[in-house]
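Architecture and fold: a report
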Amino acid sequence: MNSFGTRFKFTSFGESHGKALGCVIDGMPSGVKFDYDFLQAELDKRRPGQNKFSTQRKESDKAEILSGVFEGFTTGTPIAIVVFNENQHSKDYDNIKDIFRPSHADFTYFHKYGIRDYRGGGRASARESVARVAAGAVAAMLLREFNIEVESGILGVGSLQSTLKNEDLDFDFAKDSEIFCLDKGLEEGLKAEILEARNAKDSVGGVVFSRVLNAFIGLGEPLYDKLDSKIAHALMGINAVKAVEIGSGVSLSKMRASVANDCLNQKGFLSNHSGGILGGISNAANIEIKTHFKPTPSIFLEQDSINTKNEPVKCLIKGRHDPCVAVRGSVLCTAMLRLVMADCLLLNLSSNLSMIKKAYKLS
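Below is a summary of the structure that appears in this document.

Calculation criteria
- Residues numbered from 1 in each chain as written.
- Predicted model: local features only at pLDDT ≥ 70, side-chain atom pairs only at ≥ 80, totals over all residues.
- Heavy atoms only, no water.
- Phe/Tyr/Trp six-rings, centres within 6.5 Å; stacked < 30°, edge-to-face > 60°.
- Helix = DSSP H or I, 4+ residues; strand = E, 2+ residues; numbered from the N terminus.
- Buried < 20%, exposed > 50% of the residue type's maximum accessible area, 1.4 Å probe, protein only.
- Lys NZ or Arg CZ within 6 Å of the ring centre and 35° of its normal.
- Pairing = 2+ DSSP bridges.
- Contact = heavy atoms within 4.5 Å.
- Axes fitted to C-alpha atoms, helices over the stretch in contact; angles between N-to-C directions.

Here we come to the packing of aromatic side chains. With the rule as written, the count across this model stands at five aromatic pairs. Pairing Phe171 with Phe209 gives two aromatic rings, centres 6.3 Å apart and planes at 45 degrees, and the pair type is tilted. Note that Phe171 is positioned in helix α4 (residues 171-176) and Phe209 in strand β10 (residues 206-213), a separation of 38 residues in sequence. In this pair, the class of Phe171 matches that of Phe209, namely buried. An aromatic cluster of three or more residues is present, and its members are Phe100, Phe107 and Phe110. Note that Arg144 overlies the ring of Phe38, its terminal NZ or CZ placed 4.8 Å from the centroid.

Okay, here's the thing in structure tokens:
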């Protein structure tokens, strides 16, 4: 499906090598100050071709607002945003138009829809993520009204991963890092790992750490729309994501409850193994997530595959591709988490009678 969210919802459109990509956002309340400079700055973080650690496709990714904003404020009607493609090299894919690229969506899309858009993966391309970043930036404009912040950065690449405690990760340093690295002492090693993969015509995976600050108690809709399940749904929907951990994640399966339990005192929780979520509801502690990205499947080494006639072939990919998709993927993690938090914020308004009465000034 092409839409995400319940109360705060967006629908994306467009293809990697089509004329444009964009989104339509529904559910944004009226009266929120629309910050175009912030929107463009978020798109610039994801924008390709900025350095040797990303694909060399050159796109300006300039956002155009088509509706939903008047005199600098949201109107409560759908917000439409479009970003026009400028640098498609569709001919780069002519040699594989009938070949299934290993570990790509080519194979499953073809068998599901019977259509073969070989130009960069079409709708399945990570290029679609520009719409998610745009929608996430709009969600952030709502969240800032409640002082809720979302931030992400790179925790590890390949076999190298930071050993810093969560509270010691440096999000300020990550803002100026070419690879959004959270560990200053590890940045050069992570860069070398990425460049070594690129020089070998290969790619490498990575881990993104994200956190949500100032999320007050009560966000999340049990039983089947828990905050942690919505987060996992959002992040697993990002291209190349293969695992999501909340709080201590898989480490919890190795612990006893006497260690894993987050005990409390009058000041709050004494630990945060649960990652800020209990029973699917935010508990006011930091929400902490790790998102694991597989290596970019587009590499420049000859690989075995088949074509649309089920014949064995050799696949050699051309074009421009990220040597570590996790780097720009960290921007996507922030965007999708913003969308989840904005959705949960609006859904929570009807959670009890007193809140409804307060909204209608009856209490």
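Right, let's talk about the sheet that holds strand β16 (residues 287-293) for a bit. Strand order in this open sheet of five strands is β9-β8-β10-β16-β11, and the pairing throughout is antiparallel. In this open sheet, the two strands that pair with only one neighbour each are β9 (160-161) and β11 (241-246). Bridge count for β11 against β16 is five bridges, and the pairing is antiparallel. Bridge pairing in β16 places Val244 opposite Thr291. Sitting on the sheet, helix α6 (residues 227-236) touches β11 and β16, and the angle it makes with β11 is about 155 degrees.

All right, on to the pairing of β10 then. With eight of its eight residues buried, β10 lies for the most part within the structure. What you see with β10 is no split at all: Gly206, Val208, Ser210 and Val212 on one side and Val207, Phe209, Arg211 and Leu213 on the other are buried throughout. Bridge analysis of strand β8 (residues 149-157) against β10 gives eight bridges, and the strand direction is antiparallel. By the bridge assignment for β10, Ser152 is matched with Ser210. Across seven bridges, the pairing between β10 and β16 is antiparallel. Residue pairing for β16: Phe209 is matched across the bridge by Lys290.

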